[in-house]
Amino acid sequence: MTISDIQDQIKASSARAVVEKVIAKAREKADYHALLNLTEERALQRADDVDAGKITGKLAGVPFVVKDNFLAFGAPTTAASKMLEHFDAPLQATAVEKLEAEGAICIGKSNLDAFAHGGSTENSAFGPTKNAFDTERVSGGSSGGSAVVTALDIVPFALGSDTGGSIRQPASFNGVVGVKPTYGMISRYGVVAMASSTDVIGSFTTNVADAELVSSIMAGCDVRDMTTLPDFFQVQTEVKPGQKIGLIADFMTDGVDADVRAKVNQYVDGLKAKGHIIESVNLPMAEYALAIYYILVPAELSSNLARYDGIRYGHRAEAVKTLAELYGRTRDEGFVTENKRRIMIGSYVLSSGFFDAYYLQAQKARTLLINQFNELFKKYDLLIGPVAPTTAFKIGENTADPIKMYLGDIMTVPTSLAGLPAISVPAGKSDVSGLPVGVQLMGPMRSDANLLALARSMETI
Ligand code: GLN
């Protein structure tokens, strides 16, 4: 279902009728556990305002869903954690405000790994989301709920956040388009912070044109997010012909399932048929990307999560005698195991005895990775590769082994560390399992529009 399909439905009936239908469908599909809360009352009120002509805009009446780490009115903002289970947002994320200013209607908040730590939604304090194609499999994550509501055609688009792959991987696992924009293209104000130097927000859609539309509405400078860049996103109707594209050889090894590689190769053939030039390239620092990511991201998130102390907001432990006990018990009760694991790793790598050996070293290695990307972009317009080494895995398959779970992020974290735009687009279904496979297009900073235009030109194949 596309945005224009929904707009046709609104024209033929009313915004209220469409929103009621969408909410009914969300309830019907409740078994997928893609949504944590509906924002029904507020959504219907806004739909009536659209029908009365009080709300207008490019997306007037179009329903959407936001990941539950975005502050939004109408339901609590839980970040899928006990810590924020009853937290009502005092304001809305800039991205939500911008979409609402164009008349869009948020109908619910989607499931995620608690505080976006994970790649399957199995770390949600409220239980996992099921894959849209196989309910025994994970949705991917952490933005799994948003991917699934889009794939199930509940809403035409949904928002997610991507710190190391959380939009791209679930998009790949559910056969939808997932966009991780250039770092700073879209304001993160009002989104629960994970790792401030890689967090970005972006969209899930069923086609590329919708991603372009939603991106163009959300992009731009925000005085409340000092990392935002002046708006540079301009939808590119024409595709630049004969682009030079590097296929990352380090991502096409035996470590990546053959059925996934086969789909990427097929997509590459399609690009060649359209006159683009594909060459195999190396990104040797990719080998270290996971190690860098799993030092720097825990370091940053341990600092960002320090605010959940039971004093200011969120959960507060009861019947405690001392302040230390209040902090300790609150954090023990409010965080899931994966949150605690990362806070411990982060605190460790930032501690005075180990800072130089881990945090500083990882920052230096990150610079080397960025330099390698920069070198490649002197010769290539963009890079291509798989999104994840596998298709959606079984629920429970990787939960006992966090390292195995982290390995799944190997091809999404490099661009996150470098702040580069990267999108996941459907590349068909695996010949082995029949599950969706995504291909990843990655470009230099601010090349978002080119990646999307190229992906759009490939949709007809
Ligand atoms: N799966 C990655 C992680 O666990 C990415 C998470 C994200 O992008 N929020 O860190």
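Keep in mind the model is a prediction, meaning the values are calculated, not measured.

Undergrad: Outline the site of the ligand, listing residues and values.
TA: Every one of the 14 residues lining the ligand counts as a neighbour, but Thr163, Gly164, Ser166, Tyr293 and Arg342 are closest to it. Contact between the ligand and Thr163: an oxygen atom at 2.7 Å from a main-chain N or O atom of the residue. A distance of 3.1 Å is found between a nitrogen atom of the ligand and a side-chain nitrogen or oxygen belonging to Asp409. Its residues assigned to classes, the shell around the ligand shows four nonpolar, seven polar and three charged.

Undergrad: I'd like to hear about the pattern of salt bridges, residue by residue, with values.
TA: Scanning the model with the defined rule gives 24 salt bridges in all. The closest approach of N and O atoms between Glu212 and Arg456, which form a salt bridge, is 2.7 Å. With Glu212 in helix 7 (residues 208-218) and Arg456 in helix 15 (residues 448-458), this residue pair connects regions lying 244 residues apart in the sequence. Between Arg312 and Asp309 there is a salt bridge, and its shortest N-O distance comes to 3.0 Å. Classification of Asp309 by relative accessible area gives buried; the value is 9%.

Undergrad: Help me get a handle on the pairing of strand 9 (residues 382-386), residues and values and all.
TA: Most of strand 9 sits out of view: five of its five residues are buried. In this structure, strand 7 (residues 244-248) lies alongside strand 9, joined through three bridges in parallel fashion. Pairing of Ile245 across the sheet is with Leu382, part of strand 9. Pairing analysis gives four bridges linking strand 9 to strand 11 (residues 436-442), with the strands arranged antiparallel. In the strand pairing of strand 11, Gly385 is matched with Gln440.

What counts as what
Residues numbered from 1 in each chain as written. Predicted model: local features only at pLDDT ≥ 70, side-chain atom pairs only at ≥ 80, totals over all residues. Heavy atoms only, no water. Near = heavy atom within 4 Å. Polar contact = N/O pair within 3.5 Å; in protein donor to acceptor, adjacent residues only side chain to side chain. Nonpolar A, V, L, I, M, F, W, Y, C, P; charged D, E, K, R; others polar. Salt bridge = Lys/Arg side-chain N within 4 Å of Asp/Glu carboxyl O. Helix = DSSP H or I, 4+ residues; strand = E, 2+ residues; numbered from the N terminus. Buried < 20%, exposed > 50% of the residue type's maximum accessible area, 1.4 Å probe, protein only. Pairing = 2+ DSSP bridges.

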